[in-house]
Amino acid sequence: MIDISERAQQHFLRLLSQQGIEGLSIRLRVTAPGTPAANCELEFCEPDELTGNEWTLECDGFLFQIEGDSAPWLDGASIDYESNATGGQLNIRAPRIKGDMPGIEASLVERVRYVLDAEVNPRIAAHGGRISLLEVSAEGVVVLQFGGGCHGCGMVDVTLKQGVEKTLRERVPEITEVRDATDHAGGSNPYYSKHEGQSALG
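Participant: An account of the overall build of the protein chain is needed here, citing residue identities and associated values.
Facilitator: Helix and strand content of the protein chain: three helices and twelve strands. Burial status across the protein chain gives 36% buried among its 202 residues. Counted over contacts in the protein chain with a minimum sequence separation of 6, partners at least 24 positions apart contribute 50%. Summed over all atoms, the accessible surface of the protein chain reaches about 11600 Å², with 48% contributed by carbon and sulfur.

Here you go:
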C-alpha cells in the first residue's frame with residue numbers, strides 16, 4: 001500500500017526516540033481527500049489516541065499507523081527522507097489523494113483550474129506564490145494572474161514558460177497559449193485588456 005524507505009524509517013525512529021514516550025507511533029492521515037486541496041499530515045500518536053480503525057505497518061523499531069479512512073487514498077504512496085546541508089527533507093508522494101483529473105467531458109476551464117489547484121499551486125506555495133485563472137478563450141488561450149511571492153518576481157517568465165505552461169499543456173493538450181496578465185512592474189492590478197485582437201501584456 002505505502003512504501004516507507006529505510007532512510008525515512010530511520011528518520012521517524014530518531015524523532016520517536018527524542019520524545020521518550022512509551023509506545024509512541026507515527027500516524028498518517030489525508031485531509032480533504034479527493035479534492036485539489038488534499039494533503040498528507042503526519043503526527044505522533046500515543047496508544048490511547050488510536051481509534052481502532054488504523055492500518056498498522058510494522059517498521060524497524062516502531063509502528064506506523066495509517067488512518068483507516070485515508071488508507072484507500074494512499075495506494076501506491078511512498079515516503080522518503082533526503083539529507084541535506086541544513087538537516088533533511090521528508091518527501092511524501094501520494095499520487096491518488098487528489099482524486100482523478102476531470103475527464104475530457106469536463107469543460108476546459110474545469111480541467112485547467114484542476115491542474116492549477118492540484119499540481120501548480122502546491123509547488124509554488126513554498127515560495128509564497130499563487131496563480132489564479134482569469135480566462136480561457138474559445139481558442140484555448142489561458143490567461144493567468146500571479147499573486148503572492150510570484151508578483152513582481154524577476155523569474156516569473158521562466159516560471160511561466162518552463163513550469164506552468166509546460167505542465168498545463170501536458171495535462172490539457174487543447175491549450176494553445178498561456179499568458180501572464182499580472183502587472184509585475186507596478187502593482188497588484190492586472191492589465192490584461194483586449195485591443196484590436198491583441199492582448200496588452202508587458
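Participant: Break down the layout of surface pockets for me, with residues and values.
Facilitator: Here the largest pocket defines a volume of roughly 660 Å³. Taken together, 18 residues line the largest pocket, and the ones lying closest to its centre are Ile92, Arg93, Ala94, Lys98 and Ala118. Looking at the lining of the largest pocket, the elements with two or more residues in it are strand 3 (39-45), strand 7 (87-93) and helix 2 (108-124). For the lining of the largest pocket, the class distribution of residues is ten nonpolar, four polar and four charged.

Participant: Report on the nonpolar core, specifying residues and quantitative values.
Facilitator: Membership of the largest hydrophobic core comes to 22 residues, with the highest contact counts inside it found for Phe12, Phe64, Leu74 and Ile79. Among the secondary structure elements, those contributing two or more residues to this core are strand 1 (2-4), helix 1 (6-19), strand 2 (25-31), strand 5 (62-66) and strand 6 (77-84). Excluding its chain neighbours within four sequence positions, the residues that come into contact with Phe64 are Ile4, Phe12, Ile26, Leu28, Leu42, Trp55, Thr56, Leu57, Cys59 and Ile79. Leu133, Val136, Val164 and Val178 belong to the second-largest nonpolar core, a separate cluster that totals 16 residues.

Participant: An account of the pairing of strand 6 is needed here, citing residue identities and associated values.
Facilitator: As defined by bridge partners, strand 1 adjoins strand 6 across three bridges and the pair is classed as parallel. Across the sheet, the residue bridging to Asp3 is Ser78, located in strand 6. Bridge analysis of strand 6 against strand 7 gives seven bridges, and the strand direction is antiparallel. Its bridge partner being in strand 7, Glu82 is matched across the sheet by Gln89. Hairpin connection of strand 6 to strand 7: two residues between the antiparallel strands.

Participant: Got a sec to walk through the sheet that holds strand 4 (residues 55-59)? Specific residues and values, please.
Facilitator: Pairing in this open sheet of four strands is mixed, and the strands run 3-2-5-4 from one edge to the other. With partners counted over all chains shown, the strands left at the sheet margins are strand 3 and strand 4, one partner each. Averaged over all neighbouring strand pairs, the angle between strand axes comes to 25 degrees, with direction disregarded. Note that strand 2 and strand 3 share seven bridges and pair antiparallel. Its bridge partner lying in strand 3, Arg29 is registered against Glu41. Contacting strand 2, strand 3, strand 4 and strand 5, helix 1 runs over the sheet at an angle of about 105 degrees to strand 5.

Participant: Residues and numbers for the confidence of the model for the protein chain, please.
Facilitator: Overall, the prediction assigns the protein chain a mean pLDDT of 80, with 80% of residues at 70 or greater. Contacts from residues 150-154, a stretch scored under 50 in pLDDT, to residues over four places away or in other chains number 13 contacts. When the criterion is pLDDT under 50, residues 184-202 qualifies, and its contacts beyond four places in sequence or with other chains add up to 34 contacts.

Participant: An account of the sheet that holds strand 1 is needed here, citing residue identities and associated values.
Facilitator: Taking strand neighbours across the sheet as the criterion, the three strands line up as 1-6-7 in an open arrangement whose pairing is mixed. At either margin of the open sheet sits one strand with a lone partner, and together these are strand 1 and strand 7. On average, each strand axis in the sheet is inclined to that of its neighbour by 20 degrees, with strand direction left out of account. Relative to strand 6, helix 1 is tilted by about 75 degrees, and along the sheet it contacts strand 1, strand 6 and strand 7.

Participant: Give a description of the pattern of salt bridges that names residues and reports values.
Facilitator: A side chain with one charge may pair with a side chain of the opposite charge, provided their charged atoms come close. Overall, the coordinates contain ten salt bridges when judged by the stated rule. For the salt bridge of Glu174 with Arg111, the shortest nitrogen-to-oxygen distance reads 2.8 Å. A residue pair is termed long-range when its members are at least 10 positions apart, and Glu174 in the loop between helix 3 (156-171) and strand 10 (177-180) and Arg111 in helix 2 qualify at 63 residues. Glu174 gets classed as partly exposed once you look at its relative accessible area, which sits at 34%. For Arg111, a relative accessible area of 6% puts it in the buried group. For Glu165, the salt bridge goes to Arg169, with nearest N and O atoms at 2.9 Å. In this pair, Glu165 and Arg169 are both assigned in helix 3, four residues apart and thus about one turn of the helix distant. Under the relative-accessibility criterion, Arg169 is labelled partly exposed at 35%. The network of salt bridges with shared partners includes Arg27, Arg29, Glu43, Glu54 and Glu67.

Criteria and thresholds
- Residues numbered from 1 in each chain as written.
- Predicted model: local features only at pLDDT ≥ 70, side-chain atom pairs only at ≥ 80, totals over all residues.
- Heavy atoms only, no water.
- Helix = DSSP H or I, 4+ residues; strand = E, 2+ residues; numbered from the N terminus.
- Buried < 20%, exposed > 50% of the residue type's maximum accessible area, 1.4 Å probe, protein only.
- Contact = heavy atoms within 4.5 Å.
- Areas by Shrake-Rupley, 256 points an atom, 1.4 Å probe, with all protein chains shown as cover.
- 1 Å grid on protein atoms, 1.4 Å probe; cavity = no way out; pocket = protein on both sides within 12 Å on 5 of 7 lines; lining within 4 Å.
- Points joined across faces, edges and corners; volume = space filled by probe spheres on them.
- Nonpolar A, V, L, I, M, F, W, Y, C, P; charged D, E, K, R; others polar.
- Core = buried A, V, L, I, M, F, W, Y, C linked by side-chain atoms within 4.5 Å.
- Pairing = 2+ DSSP bridges.
- Axes fitted to C-alpha atoms, helices over the stretch in contact; angles between N-to-C directions.
- pLDDT = per-residue confidence, 0-100.
- Salt bridge = Lys/Arg side-chain N within 4 Å of Asp/Glu carboxyl O.

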